[in-house]
Amino acid sequence: MKAFWEYCCDFGHRWHLTRDSDSEESDCNIYCHKGHEAVTLRREVFSSYVEVAIHPASRMVNEVTRHVDHEYEFFIVVRDIHGTEERFSQRIYSWSQTNSLLEKFRNVSPNTAWRILDNLDSNNYK
Ligand SMILES: [Zn+2]
């Protein structure tokens, strides 16, 4: 599972990493930007939210004419924050539609996100 790792040195410098909660520690992680070794580490596993990406739907239709289809349209991609599942919208959306739809995925669980994605795909947003 993905976790938030927060380190702090004796001089109060803090730095953060996002990586697997059970990943091995390495020297490149444990020194601050001034070269001080970390003296504390706080590790918190992420809640089960999702991350959302905008994926271009554009594709080259004709290699001779270089015609691009769906150039200004996008898929919405939703991923479990732990990287266990990823789903694409079945439909493609304009930039403005995509931006307004992203709000629906704020702070939702993966199961809720899959349901929202299914509902988007079954409604006529285009
Ligand atoms: Zn430091």
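How each quantity is defined
- Residues numbered from 1 in each chain as written.
- Predicted model: local features only at pLDDT ≥ 70, side-chain atom pairs only at ≥ 80, totals over all residues.
- Helix = DSSP H or I, 4+ residues; strand = E, 2+ residues; numbered from the N terminus.
- Buried ≥ 20, exposed ≤ 12 C-beta atoms within 10 Å, placed from the backbone.
- Contact = placed C-beta atoms within 7 Å.
- Pairing = 2+ DSSP bridges.
- Axes fitted to C-alpha atoms, helices over the stretch in contact; angles between N-to-C directions.

Visitor: Would you explain the environment of lysine 34 in this entry?
Guide: Looking at the element boundaries, lysine 34 is found in the loop between β2 (14-20) and β3 (38-45). Overall, the presence of 8 C-beta atoms within 10 Å leaves lysine 34 in the exposed class. Separated by 21 residues in the primary sequence, lysine 34 and histidine 13 place their C-alpha atoms 8.5 Å from one another. With near-sequence residues (within four places) excluded, lysine 34 lies in contact with Phe11 and His13.

Visitor: Would you take a moment to explain the sheet that holds β3 for this structure?
Guide: Hydrogen bonds along the backbone pair up the strands of a sheet, which may run parallel or antiparallel. Judged by pairing direction, the sheet is antiparallel, and its three strands sit side by side in the order β2-β1-β3 without closing on themselves. In the strand order of this sheet, the two ends are held by β2 and β3, each with one partner. Ignoring which end each strand starts from, the neighbouring axes of this sheet average 20° apart. The pairing of strand β1 (residues 2-9) with β2 spans seven bridges and is classified as antiparallel. Bridging across to β2, glutamate 6 finds its partner in histidine 16.

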